Every structure is written in C-alpha cells, then in structure tokens.
Amino acid sequence: MDSRLRNILLLFVLLLAIAIGVVKYLQTAPSSGSMDQWSGKWKFFYYYSTDTNLVYTGELQVGLADSTIKMNVLAPKSNRSEEVQITEWSVSEEGGLSGVIVHDLYRIRGGHPSESFALHLMDDQTFEGSGRCVEFCAEGTEGVEMTWRGTREPVQ
C-alpha cells in the first residue's frame, strides 16, 4: 500500500507539472487572433528619414494556416524585386508584427544588409511602423529611423 500511494502521488505531481508547463506555453504563444489580423496580402512602402525620396515598395504575404511570412521588396531605382529573408519574426498579443529583413540580392561591406521592422495595425486594412538598418548598412543609413506604411490587398 505504501508503494502504491507513493506511485499515485508521484503521478499526480508529474501531471501537475505538465499542466503548469502547458499553461505557461499557452500564455507565451501568440494568439491565433493576432495572427488572424495579419493573415493575407499587404502592399507597403518604407523609407529612411534621411531621404524620403528613396522609397522601398513591396508586398507582404502572411499565411495563417502554415504560420509563414513572405516579403518581396523593390529597392529605389531598382528594376527587379527581391524576395527577402525574414528572421526573428513574431506577432505580439497586441497584434504587432516585428522581425528582421535580410537582403540577399546585394552585399555592402562584405555582408547582406539587415533591417529591423515593427509594424502595428491601425485598423483591419492599414498598418504603420518603424525600423532601422541593423547590419551592413548603406552609407548614411546606419541607425537611421525608417517609416513604414501599408494597406491590405482586397481578397479576390
């Protein structure tokens, strides 16, 4: 009886630990509601505050089913767009989308430029945000603030 009681108590403690772990995980995981808000196709533009005439444009695609994010960017004075890598991306409980863009199409000082971004929904159809170059920046863009704007593409 003593070993049986000990096994039951051990099982109870194990189940309690698993339940606590699951609750903590659910509290830190992004809610599907946040992801739902971003799901779809978005057109956007951004520019560095040092030169508002050099505007980057592109398209952002967020997939709810497979939790993917894809972005194509057309740099100013460029003829072709680039599908950039997006790393360290996340959706906050408040609905903000953030991450880091890595431009593989070109190199500056031996590396691929990386830009951070933090986007916030203004309503169901628009977003605003900010960012900055974080690594291998073009001359004059090191640490300079970027401004982002975007609109949701209509579902066809």
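What you are looking at is a predicted structure, and each value in this text was computed from that prediction instead of being measured.

Focus on the pairing of strand β6 (residues 114-121)
The sheet contact formed by strand β5 (residues 97-102) and β6 spans six bridges and is antiparallel. In the sheet register, V100 faces β6, and the bridge partner there is S116. Pairing geometry for β6 and strand β7 (residues 126-135), over eight bridges, is antiparallel. When the bridges of β7 are listed, L121 appears paired with F127. What sits between the antiparallel neighbours β6 and β7 is a turn of four residues.

Things to note about the sheet that holds strand β8 (residues 145-152)
As summarised here, the arrangement of the eight strands in space is β1-β2-β3-β4-β5-β6-β7-β8, forming a closed barrel in which the pairing is antiparallel. Averaged over neighbouring strand pairs, the angle between their axes works out to 30° when direction is ignored. Relative to strand β3 (residues 68-74), strand β2 (residues 51-63) runs antiparallel, the two being bridged by seven bridges. Note on β3: the bridge partner recorded for G58 is V73.

Parameters at a glance
- Residues numbered from 1 in each chain as written.
- Predicted model: local features only at pLDDT ≥ 70, side-chain atom pairs only at ≥ 80, totals over all residues.
- Heavy atoms only, no water.
- Pairing = 2+ DSSP bridges.
- Helix = DSSP H or I, 4+ residues; strand = E, 2+ residues; numbered from the N terminus.
- Axes fitted to C-alpha atoms, helices over the stretch in contact; angles between N-to-C directions.

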